Amino acid sequence: MLGLMQHRPLALPHVFHRAEQYFGHKTIVSVEAAGETSMTVAEWAERVRRLATVLDTLDVGADSRVGTFCWNTRRHLELYLAAPCTGRVLHTLNIRLFPEQLVYIVNHAEDEVVFVDRSLLPVLWPLVDKLETVRHFVVIDDGSDAEVPEDPRVHDYEALLAAATPFAGTFVIEDESSAAAMCYTSGTTGNPKGVVYSHRSAVLHSLISLMADGVGLVERDVVLPVVPMFHANAWGLPYGCLLAGSNVVLPGPNMTPQAIAALLEKHRVSVTGGVPTIWMGMLPLLPDHDLSALRAILCGGSAVPKALSEGYREAIGVPLLHAWGMTETSPIATVAVTRSQHDGLSEAERADVRARQGPAVPLVDLRLVDPSTGETQPWDDTATGEIQAAGPWIASEYYRGEGEGVQFTEDGWLRTGDVATIDRYGYVRLVDRTKDLIKSGGEWIGSVELENEIMSHPKVAEAAVIAIPHPKWVERPMACVVVKPGETLTAEEVIAHLEPRVAKWWIPDAVEFIDEVPKTSVGKFSKKTLREKFGGYQTGVPSSAGPA
Ligand code: ADP
């Protein structure tokens, strides 16, 4: 017997029409090179309708890829809806990728048109002749004085919109499984791989940001996504805001901690989100700003150091809200909210819970699997294994079938490459990425945990731990430490700090002081760069601290 409910496709046109119909009076603030603009959702929606017909005028194919090379701005948000609501596939390009990777991605996705912020033209235009499928470049004039090339392929965004007739009807996507957007992994390993989101996955994932036991976006919120709109759909915040009716503040090109702190204060932002690096930079500025409207600071992309989260709690009463996921998981898979079972805990113990990646959100299934035996591991907070994930917004394969058999299991789960323990309430504690684990004398050392402990030292700004070769133990940990400005620190002090906190054989063999931890294009620690730098480093002294 079948259920007798209407079958309505879960598709992004609903997000657009809901925002237009219910929240036309709400505002979208956008900072651009020329300064700050503010418009209503109604004005924005009218522009989305114009943009929809612009795509037809440019003769962009029915499900062609529409590339964006943009900051977080209102016009990027116009593209976020106009492309998928007309059946095209929004392809957000990471503006910080190396040129070769960018060329690879545009050609691999076969983008037909690329919308580019004028301030970013100097990055994109030198590659133009290598972009094989792009017929149009639409320049979004953000007030920058970057030169706009005289070329028949180049168009002006505002001129196209002004000349367009707004689409008058209701957007319709018949098949909820059709592609809505795509995003390439940042390629920390090998070539970037294309993750293709469907309308259904985008809608379901957006709903999760409205869930109270998570970020819980509501109409009264003012939301500032610091996380780039080219990084895994800004974690679903843009679509989430439109569904909930929250006001939006888009920070544009100036991502300095000073600029972000000023925007948070000025617009009385209640919800924001970004990678730990952003919040590390802003921590010292907190006493100078009135951030009393902030209620949630979503943070993920890499492990959130407990000391950082506690720094926020102590300064403004709001710890960081830790979430975990990846491009392949849309990205939200877990959110570390505390629950009733944590009520009796001390503040320090609750901080430990918040430092975990948290339990899976509804509709996401996780399992812990021993990578060598393939056996499922218990959720006892001790057994470690690779996290595998399944759910309606988890990738089933990469674009053009890449990664088959490697990244996906035979029964269809995603292999995340993240190693973790899970406690009996389902709270994930990420120990490491499989490729960053340090294998010392046959035992694993979790670099993330070690980093966390080092970063809890009050004089440490950042720390990354990598494996270095060792004649006896094969690999040993090396700590690369960045000292806070104006402080001095010795290797002995770092080790003395670790001794009561971690197993003896986890103590790094070497501590190197560096000016900055190198970062990837999405602001994560680039251990690959550190390994390249220190790869030749070998501690000759047999470690007194090998595993028993
Ligand atoms: P890439 O895999 O190319 O680095 P992603 O942005 O998709 O790009 O990164 C996903 C990875 O980031 C995860 O597999 C995980 O290793 C790491 N990550 C994301 N969130 C967290 C978190 N909260 N704690 C620790 N690691 C995280």
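Cut-offs and rules
Residues numbered from 1 in each chain as written. Predicted model: local features only at pLDDT ≥ 70, side-chain atom pairs only at ≥ 80, totals over all residues. Heavy atoms only, no water. Helix = DSSP H or I, 4+ residues; strand = E, 2+ residues; numbered from the N terminus. Polar contact = N/O pair within 3.5 Å; in protein donor to acceptor, adjacent residues only side chain to side chain. Contact = heavy atoms within 4.5 Å. UniProt positions renumbered as here; feature names shortened; annotations may be inferred. Buried < 20%, exposed > 50% of the residue type's maximum accessible area, 1.4 Å probe, protein only. Domains from an automatic or database assignment. Buried area = accessible area lost by both parts, 1.4 Å probe. Salt bridge = Lys/Arg side-chain N within 4 Å of Asp/Glu carboxyl O. Pairing = 2+ DSSP bridges. Axes fitted to C-alpha atoms, helices over the stretch in contact; angles between N-to-C directions. 1 Å grid on protein atoms, 1.4 Å probe; cavity = no way out; pocket = protein on both sides within 12 Å on 5 of 7 lines; lining within 4 Å. Points joined across faces, edges and corners; volume = space filled by probe spheres on them. Core = buried A, V, L, I, M, F, W, Y, C linked by side-chain atoms within 4.5 Å.

- In the nomenclature of an unreviewed UniProt entry, the chain corresponds to Long-chain fatty acid--CoA ligase from the organism Pseudonocardia xinjiangensis.

1. Concerning the side chain of Thr 409
And step 1. Structurally, Thr 409 is set in the loop between strand E17 (385–390) and strand E18 (414–422).
And step 2. Within polar-contact distance, the side chain of Thr 409 engages the side chain of Asp 411 at 2.5 Å.
And step 3. If sequence neighbours within four positions are ignored, Thr 409 has contacts with Arg 367, Gln 388 and Arg 415.

2. Looking at the UniProt feature "domain: AMP-binding enzyme C-terminal" (unreviewed entry) in the chain
And step 1. Those residues carrying the UniProt feature "domain: AMP-binding enzyme C-terminal" (unreviewed entry) are residues 449–524 in this numbering.
And step 2. Its end C-alpha atoms 16 Å apart, residues 449–524 is made of 20% helix and 33% strand.

3. With respect to helix H8 (residues 237–244)
And step 1. With eight of eight residues buried, H8 lies mostly within the body of the structure.
And step 2. Looking only at H8, the buried set comprises Leu 237, Pro 238, Tyr 239, Gly 240, Cys 241, Leu 242, Leu 243 and Ala 244.
And step 3. Backbone geometry just downstream of H8 places Gly 245 in the positive-phi region, at approximately 90 degrees.

4. Section: the domain arrangement of the chain
And step 1. Here the chain is partitioned into domain 1 (18–162 + 169–218), domain 2 (365–433) and domain 3 (438–533).
And step 2. Centre-to-centre, using C-alpha coordinates, domain 2 lies 26 Å away from domain 3.
And step 3. Taken together, the contact between domain 2 and domain 3 spans four residues of the former and five residues of the latter.
And step 4. Carbon and sulfur atoms supply 39% of the area that domain 2 and domain 3 bury against each other, a total of about 390 Å² over both sides.
And step 5. Counting the contacts that link domain 2 with domain 3 gives one salt bridge.
And step 6. Linking Arg 429 and Glu 449 is a salt bridge whose minimum nitrogen-to-oxygen distance equals 3.1 Å.

5. Some details on the sheet that holds strand E19 (residues 428–433)
And step 1. The four strands are arranged E16-E17-E18-E19 in an open sheet whose pairing can be described as antiparallel. Either end of the sheet is taken by a strand with one partner, and the two such strands are strand E16 (365–369) and E19. In this sheet, adjacent strand axes meet at a mean angle of 45 degrees when their direction is disregarded.

6. Regarding empty space enclosed by the protein
And step 1. One pass over the structure, following the stated rule, counts two cavities of 30 Å³ or more.
And step 2. Taken as a whole, the largest cavity spans an internal volume of roughly 80 Å³.
And step 3. Lining the largest cavity, in full, are His 205, Ile 208, Ser 209, Met 211, Gly 214, Val 215, Trp 235, Leu 298, Ile 332, Val 335 and Val 361.
And step 4. For the lining of the largest cavity, the elements supplying multiple residues, two or more each, are helix H7 (199–208) and strand E15 (332–335).

7. Section: unusual backbone geometry
One can expect most non-glycine residues to show negative phi and most peptide bonds to be in trans.
And step 1. For the bond running from Ser 330 to Pro 331, omega is 10 degrees, close enough to zero to count as cis.
And step 2. When you line up the elements, Pro 331 lands in the loop between strand E14 (320–325) and E15.
And step 3. For Glu 110, which is not a glycine, the phi torsion comes out positive at approximately 60 degrees.
And step 4. Among the secondary structure elements, Glu 110 is positioned in the loop between helix H4 (99–109) and strand E5 (111–117).
And step 5. In the Ramachandran plot, Val 474 falls in the positive-phi region, its phi being about 75 degrees despite a non-glycine side chain.
And step 6. With respect to the helices and strands, Val 474 occurs in strand E23 (residues 474–483).

8. So, the sheet that holds strand E6 (residues 136–140)
And step 1. In spatial order, the strands read E7-E6-E5-E3-E4-E8-E9; together these seven strands make up an open sheet with mixed pairing. At either end of the open sheet lies a strand with only one pairing partner, and these are strand E7 (154–156) and strand E9 (194–198). Each strand axis lies, on average, 25 degrees off the axis of its neighbour in the sheet, ignoring direction.
And step 2. Bridging between strand E4 (residues 89–92) and strand E8 (residues 179–184) involves two bridges; their strand directions are parallel. Residue pairing across strands places Leu 90 opposite Ala 181, the latter belonging to E8.
And step 3. Contacting strand E3 (65–69), E4, E5 and E8, H4 runs over the sheet at an angle of about 155 degrees to E8.

9. Notes on the layout of surface pockets
And step 1. By volume, the second largest pocket is sized at about 900 Å³.
And step 2. Forming the boundary of the second largest pocket are 36 residues, of which Thr 277, Ile 278, Met 280, Gly 281 and Glu 462 lie nearest the centre.
And step 3. When residues of the lining of the second largest pocket are traced back to their parent elements, those giving at least two are helix H10 (276–282), helix H11 (306–316), strand E22 (460–470) and E23.
And step 4. At four residues, H10 tops the list of elements feeding residues into the lining of the second largest pocket.

10. Things to note about the nonpolar core
And step 1. Counting residues in each nonpolar core, the largest one holds 146 residues, and the members touching the most others are Trp 44, Leu 81, Phe 115, Leu 264, Trp 279, Met 282 and Ile 454.
And step 2. Here this core gets eight residues from one element, more than from any other, and that element is helix H2 (residues 41–57).
And step 3. Among all residues touching Leu 81, those that are not within four sequence positions of it are Leu 12, Phe 16, Trp 44, Val 48, Tyr 239 and Leu 242.
And step 4. Counting 27 residues, the second-largest nonpolar core is a separate cluster that includes Phe 69, Val 116, Leu 127 and Val 139.

11. Side note on the side chain of Ser 144
And step 1. On the secondary structure map, Ser 144 appears in the loop between E6 and E7.
And step 2. Only 2.9 Å separates the side chain of Ser 144 from the backbone nitrogen of Ala 146, close enough to count as a polar contact.
And step 3. When neighbours within four sequence positions are excluded, Ser 144 is seen to be in contact with Ala 33, Arg 118 and Ser 119.

12. Looking at helix H9 (residues 257–266)
And step 1. The set of residues buried in H9 consists of Ala 259, Ile 260, Ala 261, Leu 263 and Leu 264.
And step 2. Looking at the buried side of H9, the elements it contacts are strand E1 (27–32), strand E2 (35–40), strand E10 (222–225), strand E12 (271–274) and H10.
And step 3. Phi for Arg 268, located one or two positions after H9, is positive at around 50 degrees.

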